[in-house]
Amino acid sequence: MRKRMIPVVAGAAALLLAIPASAADAGPGAPGIGDPYYPTYGNGGYDVSHYDLRLKYQPATDELEGTATLLATPTQGLTRFNLDFALDVSEVRVNGLKAAFAFTGEQELEITPATPLAKGKQATIVVRYSGIPSQVQRYGFTSWQRTPDGGVAANEPEAAWWWFPSNDHPLDKATYDVSVLVPDGDQAISNGVLVSSSSRAGWTRYNWRENKPQATYLATLAVGKFDVTTGTSEGGVPIVNAYSTDLGDNDGAARASVERTGEIVDWLSGYFGPYPFSSAGGYVPNVPSSFSLETQTRVFYSPKAFRNGSNVSVVVHELAHQWWGDSVSLERWSDIWLNEGFATYAQWLWSEHEDEGTAQEIADYTYASHPADDPFWTVKPGDPGPENQFDTAVYNRGALAIQALRGAVGDDAFFRILKAWPTERQYGNGTIADFRTLAERISGKDLGGLFETWLYTASRPSTNSAGAALGTKAVSERADAAARPKSWTQIQQTLEGLHAG
């Protein structure tokens, strides 16, 4: 047998010598990045460093045309790779040469370059596309919202598919240039800083730049008629806010809340360290949805967040995410507690700041509001499953876990931990296990029992369990409305709106 194989092996060896090493070692990239909750989201085999999006949008018809240029570095030799996308594609070029492409599955744009891509050598990928985003559904939904005067891209954990092709997972963060051409009289709102705008022949082009790494779901676009306000916080952070001109009765309450962005950014910096981005702000479009979202530097707020009056609590929550979720992003979607637990706890800290109930009082009341047989306790914040990823328990029980941590390590270590995580992992990613390691290093304590009890046990912890999260005072099994912290109603209304997304 070996003698018969010798000519075959020799022939194969000669062929390999004739092929560049990069091509010989190449293969297809994986159609998913490996997330346990969303196996098809993201892609393997490359890392995107920059997205350049040049778009034209017609609000009257919801028609979007675009050319996306991605700078990507293969992490292996690639004969084929995928992008996540849902609109119609007319052409793909890789390193200047036309590439073959086809759609597979719900959102997989499979690209075969003319020649294999070498590991470690940056490639330029150009995708030309068009479509009507609001008419495109994947997995039974769309993340593009039509408004009376335009459209909005904002959703979690996926939103990019409806307006640009991407490696759609927080593990692959990149910088962005977003250039949008819209009819005169309309504005285009996106992340970062407005670098320039210019008008010609009835159209206006807006050029936005986000120069810090950003996850794809945190990229946002809104086109319509907005009243834009600008300013600078006392700490020197540029602020850009925008309000649809047809918000009606919600307009005053929205402005009374969102216009406090600079004040809140400066206040949060005292807990989490310097603000990590070049600008801050938010926008309130006239959309029917109820959720708000921490889109990087330019928070998306539903007008329904302000239907009962001003709601500063939701602004605190979304701005806290700029550190917890945006600057430091989760490594996999099962780590969602790192985003939502800490953004909720920031609301509790704001309540203390406003003298409307301490974090301890809110924790006591939250615990007492949910008896042992409440399904609330069956959701594990540290691994809730994709079906419960945005369940109330991830937010409220998640914040209880943080109060447990505070009680276990003491205020000095606790507040050093709050600042160390966003500082040490700025613009990167992390897991719950990474956070526990950091908390144990700073506190000098073994926190394994506390994390297991509050994050990974599907039952109500006892008040004297690991970490002694709750106050030593007796807490009634039935929460008395008269004992509610003053901020409780607004915090709950905020979280109900977040869950609606």
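This one's a predicted model, so the numbers in the text were calculated from it and none came from an experiment.

In this structure, what is going on with the packing of helix α8 (residues 392-409) against helix α11 (residues 448-455)? I would like to understand it.
To characterise two packed helices, one gives the angle between the axes of the helices and the distance between these axes. One can describe the packing of α8 onto α11 by two numbers: an axis separation of 9 Å at closest approach and a directional angle of 160°. By the criterion of interaxial angle, the relationship of α8 to α11 is roughly antiparallel. The two elements α8 and α11 meet at a crossing, and its hand is right-handed. Residues R397, L400, A401, A404, L405 and A408 of α8 pack against L450, T453, W454 and L455 of α11. Residues belonging to the contact of α8 with α11 are distributed by class as follows: eight nonpolar, one polar and one charged.

I'm lost on the sheet that holds strand β20 (residues 299-300) in this one. Help?
Note on sheets: strands pair through backbone hydrogen bonds, and any given pair is parallel or antiparallel. Ordered in space as β17-β18-β19-β20, the four strands form an open sheet in which the pairing is mixed. The strands lining the two open edges of the sheet, one partner per strand, are β17 (226-232) and β20. Here five bridges tie strand β18 (residues 238-244) to strand β19 (residues 280-284), and the two strands are oriented parallel to one another. Note on β19: the bridge partner recorded for N241 is G282.

Can you help me understand α11 in this one?
Side chains that are three or four residues apart share a direction in an α-helix, a result of its 3.6 residues per turn. Burial analysis of α11 places six of its eight residues in the buried class, the great majority of the element. Of the residues making up α11, those classed as buried are G448, L450, F451, T453, W454 and L455. Check the buried side of α11 and you find it contacts α6 (337-353), α7 (359-368), α8 and α10 (432-443).

Would you mind showing me how to read the pairing of strand β16 (residues 221-224) here?
A regular strand places its side chains on the two faces of the sheet in alternate fashion. Of the two faces of β16, the one holding L221 and V223 and the one holding A222 and G224 are both buried throughout. Here strand β13 (residues 187-190) pairs with β16 via four bridges, running antiparallel. The partner of A188 across the bridge, within β16, is V223.

What is the right way to look at the sheet that holds strand β12 (residues 174-183) in this model?
Strand order across the open sheet formed by eight strands is β6-β5-β9-β3-β2-β12-β15-β14, with mixed pairing between neighbours. Taken across any chain shown, the strands that pair with only one partner, and hence form the sheet edges, are β6 (97-98) and β14 (193-200). Bridge count for β14 against strand β15 (residues 203-214) is seven bridges, and the pairing is antiparallel. In the sheet register, S199 faces β15, and the bridge partner there is T204.

Where do I start with α10 in this structure?
Between its first and last C-alpha, α10 extends 16 Å over 12 residues, near the 16 Å set by a 1.5 Å rise per residue. For α10, every residue scored as buried is listed here: I432, F435, L438, A439, I442 and S443. All buried residues of α10 project into a common sector of 120° when viewed along the axis, lining one side. For α10, the exposed residues set more than 90 degrees away from the buried face come down to T437 and R441. Residues of α10 that are buried in the fold lie against α6, α8, α9 (411-424) and α11. Residue G444 follows α10 closely and has a positive phi angle near 70°.

Cut-offs and rules
Residues numbered from 1 in each chain as written. Predicted model: local features only at pLDDT ≥ 70, side-chain atom pairs only at ≥ 80, totals over all residues. Heavy atoms only, no water. Axes fitted to C-alpha atoms, helices over the stretch in contact; angles between N-to-C directions. Helix = DSSP H or I, 4+ residues; strand = E, 2+ residues; numbered from the N terminus. Parallel < 35°, antiparallel > 145°, perpendicular 65-115°, else oblique. Left-handed = near helix turned anticlockwise from the far one by under 90°. Contact = heavy atoms within 4.5 Å. Nonpolar A, V, L, I, M, F, W, Y, C, P; charged D, E, K, R; others polar. Pairing = 2+ DSSP bridges. Buried < 20%, exposed > 50% of the residue type's maximum accessible area, 1.4 Å probe, protein only. Expected span 1.5 Å × (residues − 1). Arc of directions from axis to C-beta.

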